[in-house]
Amino acid sequence: MISLHDVTKTYETPAGKFAALRSIDLEIQPGQFVGVVGKSGSGKSTLLNMVAGIDRPSSGMIAVAGTTIHQLPENKLAAWRGRNVGFVFQFFQLLPTLTAAENVTMPMDFSKTIPFRERRKRALALLERVGVGPHADKLPATLSGGEQQRVAIARALANDPPLVLADEPTGNLDSVTATAILDLFRDMANRGTTVVIATHEADIARVIDRRIEIADGAIRP
Amino acid sequence: MSTLWRKAFRDFWRERARTVLVVLAIALGISAFAAVLSSYAILTRELDSDYLATNPASAVIRLDSIDDDLVKAILQNPEVSDAEPRRTIRGQIWSGQLQRNLVLFVVHDYGNIRVSKLLPQQGAWPPSLGEILIERDAFQVAKAKIGDAVTVKTANGVAQPLVVSGSVHDVGQAQARMENIVYGYINVATLVQLGEEPKFDELNILVAQNRFDESHIRRVVSDVEALIETRGHEVRRIDIPQPGKHPHSDLTGSLLLSMSSFGLFVLVLSGIIVINLLTAMMAAQVRQIGVMKAIGGTRRQIAGIYFGQALFLGIAAVVISLPLGIIGSRALCRYMAVFLNFDINSFAVPLWVYLLVALVGIAAPLIAAAYPVWRGTATPVRVALSNFGVGQTTFGASRFDRALTRMGSWSSSAVFSIRNSFRRRARLVLTVLTLAAAGLFFLSALNIRASLIHTFDRMFAAKRVELTRSLTKPEEIEKVDKSLTNSRFAYDQHMIMIYVFLIVMSVIIGGVGGLGLMTTMSLNVLERRREMGVMRAIGATPKTILLMIVAEGVVIGLLSWTIAAVLAWPVSKALGDQLVRAMFRSGLDFTFEPLGLLIWMVVSISLSAAASFLPAWKASRVTVREALAYE
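Keep in mind the model is a prediction, meaning the values are calculated, not measured.

Enquirer: Sorry, what's going on with the overall build of chain B here?
Expert: When its secondary structure is counted, chain B shows 20 helices and 10 strands. For chain B, the share of sequence-separated contacts (at least 6 apart) that also reach a separation of at least 24 residues comes to 86%.

Enquirer: Help me understand the overall build of chain A in this model?
Expert: Each helix and strand counted, chain A has six helices and 10 strands in total. Going through the 221 residues of chain A one by one, you find that 51% of them count as buried. By sequence separation, contacts in chain A at least 24 residues apart represent 69% of the contacts at least 6 residues apart.

Enquirer: Looking at this structure, I do not really get the interface of chain B and chain A. What am I missing?
Expert: By a widespread convention, an interface's size corresponds to the accessible area lost as its parts come together. Counting residues at the interface gives 21 residues for chain B, matched by 24 residues for chain A. Secondary-structure elements contributing two or more residues to the side of chain B that touches chain A are helix 1 (3-14), helix 9 (286-294), helix 10 (299-340) and helix 12 (381-385) of chain B. When residues in the side of chain B that touches chain A are grouped by element, the largest group, seven residues, is from helix 1 of chain B. Tallied by class, the residues present in the side of chain B that touches chain A amount to five nonpolar, seven polar and nine charged.

Enquirer: Please clarify how the confidence of the model for chain B should be interpreted in this entry.
Expert: Any region with low pLDDT has predicted coordinates that should not be read closely. Residue and element names in this part refer to chain B. Per-chain confidence: chain B averages 84 in pLDDT, with 92% of residues scoring 70 or above. At the level of individual helices and strands, chain B shows its lowest average pLDDT in helix 13 (residues 399-404), which scores 64, and its highest in strand 5 (residues 131-135), which scores 95. Contacts from residues 389-393, a stretch scored under 50 in pLDDT, to residues over four places away or in other chains number three contacts. For this predicted complex, the interface score ipTM comes out at 0.78, while the overall pTM is 0.70.

Enquirer: Where do I start with the sheet that holds strand 3 (residues 33-37) of chain A in this structure?
Expert: Note on sheets: strands pair through backbone hydrogen bonds, and any given pair is parallel or antiparallel. Residue and element names in this part refer to chain A. Strand order in the open sheet formed by six strands is 6-7-8-3-9-10, and the pairing between neighbours is mixed. This sheet does not close on itself; its edge strands, each paired only once, are strand 6 (85-88) and strand 10 (218-219). Alignment of strand 7 (residues 163-167) against strand 8 (residues 194-199), held across five bridges, turns out to be parallel. The residue bridging Asp167 from the neighbouring strand is Ala198, located in strand 8. Contacts between helix 5 (residues 145-156) and the sheet are confined to strand 6 and strand 7, with strand 6 contributing the most and set at about 165 degrees to the helix.

Enquirer: Honestly, the sheet that holds strand 4 (residues 59-64) of chain A in this entry has me stumped. Any pointers?
Expert: All names here are of chain A. What the four strands build is an open sheet, ordered 2-1-4-5; its pairing is antiparallel. Single-partner strands in this sheet number two, and they are strand 2 (16-28) and strand 5 (67-68). The pairing of strand 4 with strand 5 spans two bridges and is classified as antiparallel. Bridging from a neighbouring strand, Val64 pairs with Thr67 of strand 5.

Calculation notes
- Residues numbered from 1 in each chain as written.
- Chains lettered and ligands numbered in written order.
- Predicted model: local features only at pLDDT ≥ 70, side-chain atom pairs only at ≥ 80, totals over all residues.
- Helix = DSSP H or I, 4+ residues; strand = E, 2+ residues; numbered from the N terminus.
- Contact = placed C-beta atoms within 7 Å.
- Buried ≥ 20, exposed ≤ 12 C-beta atoms within 10 Å, placed from the backbone.
- Nonpolar A, V, L, I, M, F, W, Y, C, P; charged D, E, K, R; others polar.
- pLDDT = per-residue confidence, 0-100.
- Pairing = 2+ DSSP bridges.
- Axes fitted to C-alpha atoms, helices over the stretch in contact; angles between N-to-C directions.

Have a look at this one:
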C-alpha cells in the first residue's frame, strides 16, 4: 500500500538547513493499522505529509496505492488525494461555514466519484457510523471537540479511500473521547482500510497492528 | 447545490456587513455607469427623434432675395421635395431696462410651415401684427413673460414696441440660455413695422430622397444653386447640417460617452475594494484552503469557490444598481433635456444597455478577484496548513517600518495608530489611491474653475482693448462692454456643466472611497482582533481602542489628501489645458485654488473618521475573552 525508498526532507530555515526526514525506507501493507510514534519535532507529521502528497521529498521515492506520487503535479496530486487518502487533523479543521453533513459531502463534491443525489445520504450514513448522526445539520462551532473529530473522521471516509492518515487525532481530546476515537480507527482497519496515525502518545499499543518509532527524522530499528 | 457553492455563500453571509459594504461600493460604480450609459442611449435617440419630427431642412441657402417664381422653379426639380422662404435678422430686445441680443425669424406662412417646423407652446399662434413669439428657452434670457411689452430694434430698423403673445419651441436652435440670446418669431407685417424691407433671403430646402445622404444633398443643392444663379440671384452662403442629426447630438453624445468613461473609472475604483476584500478573505482562509486541498480539492475547484463569491458580488451589485441607474438616468435626462431644450417622449432604455451594464458589472469583480484568488490558492498545502492567521512578520522587516519606529517621543496610542496604518501596505496603497482620486477630481474642479475664470478675464480684457482702441464716445464703449458682458455670460454658462460634472464625480468617487476605507478598516480590525484583546487585557479602555482605530483611518485620509494635493497641480493643469485648447484654441492661465486644499482636508478627515467609526465601535465592544480567543 505504502512504499518509501530513501526519502529525505530538508527545510531551509533562517538558522540553516534542517533535516526533517533522513533516508526513510518504509513499507506498509494494505489493511494495516500503523502507529507512528515519536516526540514533538521528531518528523512524524512530515512523514505523514509525504505519504499524503501534502509535502514533497527533497530526494527519494514515494509510492502509495500504486501511484508514484512524488512525481505528480499539484492539481493531479489533489485529485489523487481526494480519491485515495482520507486525512484527519489534530485540530479537526472543519470548514466553519458548512454543517457537519456538508463538511462530509465536500470531498465527494471535489472528487465526483459518487453521484450527486447519493452524496448527502452517504454523508449521513458516515456520520451515523461515527456516532454523530443527530448532529448532521449543525455547524462545527456548536459541536464539542470529540464530536468535531468524529465529523472529521467521517469526512476522511467520504470517498471510501483505501488509506486514512491521522496526524495527532487525539491530541486535542480528553482521554475518554480519545479512546473512542481510536476505536473508530480500529474499526476502520478491521474493515480493510489502511490506517496510519502519527501520535506522541504511547498508549495506542492496544489498538494498532504495527508501531513505527521515529526520532530526529529517522526510523528507529 | 454543491457544498462548494454553499461555502461561497455562507462565507459571505458570515461577513455580511463587509459584503454589503463591498456590494454597495460596486453598485455605486455600476449605477454611475448605468445612469450615464442609459442617458446616452435615451438622449441621443430622443434628441434626434425630436429634431426629425420638425422635418429639418436638408440645406439652408442664403441669397439676396426670394420671390414666389423662384420657389416654384426650384420645386420643379423632382429631387427637391420642399422649399420654404424665411428671413433671419439680428437685433436687440429690451424688456424693461434689460437689453439682450435678439435673433428674429420671419416666417412666410405660419399656417403652413412644412420644413424646420416650430412647435407652438403657449399663447397666440400665429403672431399678429405688433406681436412677437419667443422661443421657450429664451424667456429666461429675455426676463419677459407672455403679455409683456418689449422693445425691439433690428440692425437697419427703428425701435418699436411689440407684445410678447406666445411661446414656441424651435428644436433645431442652439440653447438660448447657453448662447445668452433671445430668439423671436414675427410675421412679415411686423417686419415692416420694425422698418425692414418685407423680403425673404433664406431658403430652407428639403430633398425628396436619401435625406440622410450628405453627398446626395450636396449634389441636389448644387443643382438648386445653379438654378438660382441662372435666374439672376446671388447665392451668399449655403449651410448643410449633418443629415438627421440635431446640431448638438454629437456634442451631447461625446459628452455623455466621456461621462460613461468616468463611470467606468468609478467601477475600477470599486474593483479595488473587491481586491482588498478578497485578498483579506484569502489570507484569513489560507488554512481552510490547505484543508480543502488536503481532502482532494484542486486549485481550480477551490478558486471556483472564491470566483463564485466575486460572481455573487457582481450579480448583487447589478441587481441593486440597475434600478438606481435608471432613476439616475431619468434625472440626468430631465436635466439635460431642459439644458438642451428638447422634450423626451420615452425614457425606454434599450436592451443593449441592460446587457452591457450586466456584463461590465459582473465582469468587474471577477477581474478584480483574479489576482488575489490566483495567488491565494497557490499556497502549497503544507504551508497553508501551518498558517497561523495574521503573520507576525508583516511589520518591521523593511527599512520604512524601522524608520517609523523612530517616532518614539509621541504618545504610544498615536504611534500605534500610525504604524498600524502601514501594516498592510498593498491594501493601504489601494485604499489611499481611491480616496486620492476623489480628492483629485474635487481639487481639479475648483482649480479648473478658477483657471477658466482667470483665462476668460484675460481673454475678454484683451478683446475689450482691441474693440475699444479706436472708440472715443462713452456710449460706443458702453455698447462694447454690454456685448462683451453678454458673451462672457454665455462662456460661463457653457462651463457650468463641466464644474458640476467634476464635483458630482468627486462626490461619487468619495462615496466609493469612503466605503473602501470602511472595508479596509473593518478588515484591519478583524485581523488584529487578538492584539486588541491584548491591549484591553493590559488596560486599554473601549474608548481608547475606538479612538486608536479612528485615528488610523484619519492617517489614511491624510495620506490620500497629501497625494491629491501633490498631484492636483499637474493633473488639473493638464485637464484644463486640454479643455481650453479643445474649446477655444487658446492657452489656460492656470490658477491654483488654495481654499480647495483646506476644504478637501476637512472633507478627507471627516470622511475617514466617519468611515472608520463603525468598525472602531464594533471592535471596542468585543470582550477581552472573545478577542483573545480569536484565531
